[in-house]
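Structural description and commentary
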Amino acid sequence: MRCVRWMEQAACRGKDTQVFFPSEEEKHMDRKIRELRAKAICETCSVIEPCLAAGEGEEGIWGGLTEAERSGRHRRRKLSRPMVEMTTPGENPWVVIDGEGGCQIWQRETEKTWHGVEWAVVKNQEIIYISHNLDDTYARYGSLIHS
Ligand code: SF4
């Protein structure tokens, strides 16, 4: 990739970029852990917006979001009932991290958990389950999300 000006300020500059991109043999939980590592780098980055724009249609983490989250962000603009309505005032907004249409997993940053994240299972735009454990969420609802 050609290095453009905003990339000079990227927090990932000079770091191992493998953490931002999936590999063919990667297992589900390995992917989640790798993505959290990449997102931790992105959290300190000052060029998230140009990175998001550059990552449109690309694989991997761009602007702190996975491909699914970026496409969810795009879809949310089209929803008649925006996700932010389901966020308690003062709390962070949810982003879609997995699932299409009927059943999805949403994620948001929170101070309620030691790792700073919580997940919700959302069916037909209603939160049906909230968890502080992504493994547990997938164990209970993974089949619904990927059906
Ligand atoms: S947002 Fe993340 S992937 Fe994009 S330039 Fe910054 S650190 Fe790199």
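Up top you'll find the structure we're talking about.
I will try to describe carefully the structure that is included in this document.

Analysis parameters
What you see as residue numbers is a count from 1 along each chain, following the sequence as written. A pLDDT threshold of at least 70 governs which residues receive local features in this predicted model, and a stricter bar of 80 or more applies before side-chain atom pairs are shown or counted, although totals over entire chains, interfaces and linings include all residues. Here a strand pair is declared whenever DSSP counts at least two bridges between the two strands. Strands are runs of DSSP state E lasting at least two residues, helices are runs of H or I lasting at least four, and both sets are numbered from the N terminus onward. Here is the check we use: build the C-beta atom from the backbone, and if it is within 6 Å of the molecule or strand, call the residue near. All amino acids are sorted into three groups, where Ala, Val, Leu, Ile, Met, Phe, Trp, Tyr, Cys and Pro are nonpolar, Asp, Glu, Lys and Arg are charged, and the leftover types, Gly among them, are polar. Here an axis means a line fitted to C-alpha atoms, over the contact stretch when the element is a helix, while the angle between two N-to-C directions is reported on a 0 to 180 degree scale. Contact between two residues is assigned when their C-beta atoms, built from the backbone, lie within 7 Å.

Examined bridge by bridge, strand β2 (residues 103-109) and strand β3 (residues 117-123) share seven bridges and lie antiparallel to one another. Considered in β3, the bridge of Cys103 is made with Lys123. As defined by bridge partners, β3 adjoins strand β4 (residues 126-131) across five bridges and the pair is classed as antiparallel. Opposite Val122, over in β4, you have Ile127 as the bridge partner.

Residues in contact with the ligand amount to 14 residues; listed here are only the nearest, Ala10, Cys12, Cys42, Cys45 and Cys51. Looking at the shell around the ligand, the elements with two or more residues in it are α1 (28-42) and α2 (48-54). For the shell around the ligand, the class distribution of residues is 12 nonpolar, two polar and no charged.

Another point: the sheet that holds β3. Strand order in the open sheet formed by four strands is β1-β2-β3-β4, with antiparallel pairing between adjacent strands. Both edges of this open sheet fall to β1 (95-98) and β4, since each of them pairs with a single strand only. Between one strand axis and the next, the sheet turns by 35° as a mean value, whatever way the strands run. Across the sheet, helix α4 (residues 134-145) touches β1, β2, β3 and β4, and the angle it forms with β2 is around 155°.

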